[in-house]
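Report on the structure
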Amino acid sequence: MHSRIVLIGILLMGLLSLGACTKHQAMKGPYEGDNINTAFVDYMAGRAQDRLDLTEAQTTQYRQLVRNLLVKGQELKPLNEALRRDLAASLRKENPTRAEFERFLAAKEEIMRTVMYSGIDDFMAFHATLTPEQRNKLANLVQEMGKDGWRGHGW
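We now turn to the structure provided with this report. What you are looking at is a predicted structure, and each value in this text was computed from that prediction instead of being measured.

1. Considerations on the environment of Asn80
Relative to the helices and strands, Asn80 is located in helix α4 (residues 77-92). Placed 32 residues apart in sequence, Asn80 and Met112 show a C-alpha to C-alpha distance of 9.8 Å. With residues near it in sequence (within four places) discarded, Asn80 still touches Lys108 and Ile111.

2. Section: the nonpolar core
Residues Val41, Leu54, Tyr62, Val66, Leu70, Phe126 and Leu130 are the most contacted members of the largest nonpolar core, which totals 14 residues. Those elements that provide at least two residues to this core are α2 (38-52) and α3 (56-75). Top contributing element to this core by residue count: α2, with five residues. Dropping the residues within four chain positions of it, Leu54 is found in contact with Ala48, Gln49, Thr59, Tyr62, Phe126, Leu130 and Gln134. Membership of the second largest hydrophobic core comes to five residues, among which are Leu76, Leu83, Phe104 and Ile111.

3. A short note on the packing of aromatic side chains
Describing an aromatic ring pair means giving the distance of the ring centres and the angle of the ring planes. Under the counting rule described, the total for this entry stands at two aromatic pairs. With a centroid separation of 5.3 Å and an interplanar angle of 55°, the aromatic rings of Tyr62 and Phe126 are classed as tilted. Of this pair, Tyr62 sits in helix α3 while Phe126 is found in helix α6 (residues 120-128), placing the two residues 64 residues apart along the sequence. The exposure classification of Tyr62 matches that of Phe126, with both residues buried.

4. Notes on unusual backbone geometry
Even without being a glycine, Asp53 presents a positive backbone phi close to 55°. Mapped onto the secondary structure, Asp53 falls in the loop between α2 and α3.

5. Observations concerning α4
Along an α-helix, residues three or four positions apart point the same way, because every turn accommodates 3.6 residues. Taking 1.5 Å per residue, 16 residues should reach 22 Å; α4 reaches 23 Å between its end C-alpha atoms and fits that length. Along α4, the residues classified as buried are Asn80, Leu83 and Ser90. Taken end-on, α4 shows its buried residues confined to a sector of 80°, consistent with a single buried face. Along α4, exposed side chains directed more than 90 degrees from the buried face belong to Pro78, Arg85 and Arg92. Packing partners of the buried residues in α4 comprise α5 (98-118).

6. Structural notes on a nonpolar patch on the surface
A cluster of nonpolar side chains, contributed by Met112, Met116, Tyr117, Ile120, Phe123 and Met124, occupies part of the molecular surface with about 630 Å² of accessible area. The topology assignment puts Met112 in helix α5.

7. Observations concerning the pattern of salt bridges
Evaluation of the coordinates by the stated rule reveals six salt bridges. For Lys137, the salt bridge is made with Asp53, and the minimal N-O distance between the two is 2.1 Å. Linking Lys137 in helix α7 (residues 132-144) with Asp53 in the loop between α2 and α3, this pair joins segments that are 84 residues apart in sequence. Residue classification places Asp53 among the partly exposed residues on the basis of a relative accessible area of 47%. Glu100 serves as the salt-bridge partner of Lys93, at 2.4 Å between the closest nitrogen and oxygen.

Conventions and cut-offs
Residues numbered from 1 in each chain as written. Predicted model: local features only at pLDDT ≥ 70, side-chain atom pairs only at ≥ 80, totals over all residues. Heavy atoms only, no water. Helix = DSSP H or I, 4+ residues; strand = E, 2+ residues; numbered from the N terminus. Contact = heavy atoms within 4.5 Å. Core = buried A, V, L, I, M, F, W, Y, C linked by side-chain atoms within 4.5 Å. Buried < 20%, exposed > 50% of the residue type's maximum accessible area, 1.4 Å probe, protein only. Phe/Tyr/Trp six-rings, centres within 6.5 Å; stacked < 30°, edge-to-face > 60°. Expected span 1.5 Å × (residues − 1). Arc of directions from axis to C-beta. Patch = residues over 30% accessible without salt bridge, like charges linked within 9 Å, V, L, I, M, F, W, Y side chains within 5 Å. Areas by Shrake-Rupley, 256 points an atom, 1.4 Å probe, with all protein chains shown as cover. Salt bridge = Lys/Arg side-chain N within 4 Å of Asp/Glu carboxyl O.

What follows is the structure, given as structure tokens:
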């Protein structure tokens, strides 16, 4: 009897550590070098599944939506890197101009806008599959986002 409890305990600890490893891998961010971090995509899809009570088909569709956004972001990575180099060059100057920083911000906003707009059709198709209860849960999540300040993922 005692050995069975120990065995069950070891199995549970193994499962918990596997979950922790997956979350740790996901928290490394959306990219691993030049590749998409699949643990991040799976983590995001799992969170959406848990929060919205998604079906497997909806979760698969959401996973693809996240992946498509990351692919678009990956395509724009060279532009992003060039922007960072330009910003670093401006920061090395003794007297950078406001216009330099405004150009940087405008270019950065354009990259972000491009990525976000690339996902609108995928999101609309995903939204069309949601039940009224799921749409309500999504709306509530959006309303609550950021109420706790910066650490609450918003302002």
